Amino acid sequence: MTQPSPAQKPVPKSLYGGTSSRRITVRDIAAAKERGEKWPMLTAYDAMTASVFDEAGIPVLLVGDSMGNCHLGYESTVPVTMDEITILSAAVVRGTKRSLVVADLPFGSYQEGPVQALRNATRLVKEAGVGAVKLEGGERSAEQVELLVSAGIPVMAHVGLTPQSVHAFGGYPVQGRGEEAAQQLLRDAKSVQDAGAFAVVLEAVPAELAAEVTRSLHIPTVGIGAGLECDAQVLVWTDMAGMTSGRVPKFVKKYLDMRELLGGAAKAFAEEVVGGTFPAPEHTFQ
């Protein structure tokens, strides 16, 4: 019997924890919105961590330019380059089997206009193998979204607090407060939807406004500091797992103190080396 092509295979009954052997696609994301299913998204920057999240059933992994802060040692996302995003995106793709891998277009890779955006997004699809790209901006980025989608590259948009604009914002303030700002955020979200985005991230947006945006769109909203009513939620994995030191945003919930656990393991190893008990006979070739 002839096997159905990937496009003919049925969409999974649920995004989170599903058992399908194929990758999640933007069609599956759209179907989840129709079902009213909520789903999780995490960032990932390397093959090993990505494989853990993939095996845990996380349906969407974002190779975010947040790597600048939490993986590459930069003070913001602004210095992240296309080379860095491409290399780490390829690693995440290699480490996963089921998750839809979305890669950020970093600052300076799409602001010149649609042609620049298409050139760099094409690189991420061809060289890294990602299933979609993400870019910041609403109305100001609608032309980029439209060209990418028309070229066959799925786009996740990002409105509200857009970290690449940290210098313009003068920090990371909550967005959409006040009637004028709220209406602009609604226009931004509808603009990227009309341009063809398959989902839109709402970052640091008052919960009531995020709920209104979610109700007004037919594409899913992905909240990060945007309340409970969004269709999906995303966190930076190092924040979620407690690897981040110092202050973290209000919207972060720490599900593990991985920094303490990893530090404890490193100290235990060091003490055994200094004390002459590692390597033990069972760890030694004879």
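Please read these numbers as outputs of a predicted model, since none were measured by experiment. (Residues numbered from 1 in each chain as written. Predicted model: local features only at pLDDT ≥ 70, side-chain atom pairs only at ≥ 80, totals over all residues. Heavy atoms only, no water.)

A. Examining the confidence of the model for the protein more closely. Residues at a pLDDT of 70 or more form 92% of the protein, whose mean pLDDT is 93. A low-confidence stretch, residues 1–8 (pLDDT under 50), is modelled with 3 contacts involving residues beyond four sequence positions or located in other chains. (pLDDT = per-residue confidence, 0-100. Contact = heavy atoms within 4.5 Å.)

B. Just the nonpolar core, in detail. Among the nonpolar cores identified, the biggest contains 56 residues, and L105, V133, L148 and L202 are the most heavily contacted of them. The contacts of L202, once residues within four sequence positions are left out, are V159, L185, A210, V213, T214, T221, V222, G223, I224, A226 and C230. Ranked by size, the runner-up nonpolar core spans 19 residues in total, among them V60, V102, A132 and M156. (Core = buried A, V, L, I, M, F, W, Y, C linked by side-chain atoms within 4.5 Å. Buried < 20%, exposed > 50% of the residue type's maximum accessible area, 1.4 Å probe, protein only.)

C. Molecular detail of the pattern of salt bridges. Counted by the stated rule, this structure contains 6 salt bridges. The shortest N-O distance in the salt bridge between R22 and D28 comes to 2.9 Å. Through salt bridges with shared partners, a single ionic network connects D83, R123 and E127. (Salt bridge = Lys/Arg side-chain N within 4 Å of Asp/Glu carboxyl O.)

D. Region of the structure containing helix α2 (residues 47–55). Burial in α2 covers these residues: T49, A50, S51, F53 and D54. Lining the buried residues of α2 we find β1 (39–43), β2 (60–63), α4 (82–94) and α10 (237–240). In this structure D46 caps α2, since a side-chain oxygen of it lies 3.1 Å from the backbone nitrogen of M48. Among the residues trailing α2, G57 stands out with phi positive, at a value near 95°. (Helix = DSSP H or I, 4+ residues; strand = E, 2+ residues; numbered from the N terminus. Polar contact = N/O pair within 3.5 Å; in protein donor to acceptor, adjacent residues only side chain to side chain.)

E. Spatial organisation of α4. For α4, built from 13 residues, the straight-helix expectation of 18 Å at 1.5 Å per residue is met to within 8% by its first-to-last C-alpha distance of 18 Å. Counting buried positions over the 13 residues of α4 gives 10, a clear majority of the element. M82, E84, I85, T86, L88, S89, A90, A91, V92 and V93 are the residues of α4 that are buried. Residues of α4 that are buried sit in contact with α2, β2, α3 (67–70), β3 (100–104) and α5 (114–128). (Expected span 1.5 Å × (residues − 1).)

F. Seen up close, the packing of helix α8 (residues 179–195) against helix α9 (residues 207–216). Across the interface, α8 lies against α9 with an axial gap of 10 Å and an inter-helix angle of 30°. The handedness of the crossing between α8 and α9 comes out as right-handed. Contacts between α8 and α9 involve A182, L185, L186, A189 and K190 from the first element and L209, E212, V213 and S216 from the second. Across the contact of α8 with α9, the residue classes tally to 6 nonpolar, 1 polar and 2 charged. (Axes fitted to C-alpha atoms, helices over the stretch in contact; angles between N-to-C directions. Left-handed = near helix turned anticlockwise from the far one by under 90°. Nonpolar A, V, L, I, M, F, W, Y, C, P; charged D, E, K, R; others polar.)

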